[in-house]
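Below, each chain spelled out in residue letters.
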Amino acid sequence: MENHVENEYAKFWIEKDILFIVYKKEVFINLPVAIKVVEDRLLLQQGKPFLIFCDVRNVKSINKAARNYLAMEGSVLTKVVALLVEGSLTNAMSAFYIKTSVPAIITQAFTKKEDALTFLNTYSST
């Protein structure tokens, strides 16, 4: 199984049963970007569900179509998602995403990587 993938928007890798997604600098997520990110994530997963650690600190914006896609169709083969945020912009974006798009799976935002990983590890046996 391939253990890492990279595209122009994000880097993806698997470590200790957690799939990490780290968005690159200055990313604007629209529907085509969201679809590409999910396609590459699914390629890496090869049909196996994972806990997802998603570092969105570099995301500059995300539009409604992308939010809705990620919350529903984009949740395929995800068990739980921890979003790593930093500052008021990504914190507000993630809170808005969780509240308005209502992801199909449990999604929570964190300002510390350690807290996000602790949260994910509570679901590691599910």
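Preceding this section is the structure that the text describes.
Because the structure is a prediction, the values reported are computed rather than measured.

Conventions we followed
- Residues numbered from 1 in each chain as written.
- Predicted model: local features only at pLDDT ≥ 70, side-chain atom pairs only at ≥ 80, totals over all residues.
- Heavy atoms only, no water.
- Helix = DSSP H or I, 4+ residues; strand = E, 2+ residues; numbered from the N terminus.
- Phe/Tyr/Trp six-rings, centres within 6.5 Å; stacked < 30°, edge-to-face > 60°.
- Buried < 20%, exposed > 50% of the residue type's maximum accessible area, 1.4 Å probe, protein only.

Engineer: Would you mind showing me how to read the environment of I35 here?
Structural biologist: Turning to its location among the elements, I35 is positioned in helix α1 (residues 31-45). Taking the C-alpha atoms as reference points, I35 and Y69, separated by 34 residues in sequence, lie 7.8 Å from one another.

Engineer: In this structure, what is going on with the packing of aromatic side chains? I would like to understand it.
Structural biologist: A ring pair, where both rings are aromatic, is described by two values, the distance of the centres and the angle of the planes. What the rule picks out here adds up to 4 aromatic pairs. Geometrically, the ring pair formed by F20 and F53 is tilted, given 5.1 Å between the ring centres and 45° between the ring planes. With F20 in strand β3 (residues 18-23) and F53 in strand β5 (residues 50-55), this residue pair connects regions lying 33 residues apart in the sequence. With a centroid separation of 5.3 Å and an interplanar angle of 65°, the aromatic rings of F119 and Y123 are classed as edge-to-face. Judged by its relative accessible area of 10%, F119 falls in the buried class. A relative accessible area of 24% places Y123 in the partly exposed class. Linked through ring pairs, W13, F20 and F53 together constitute an aromatic cluster.

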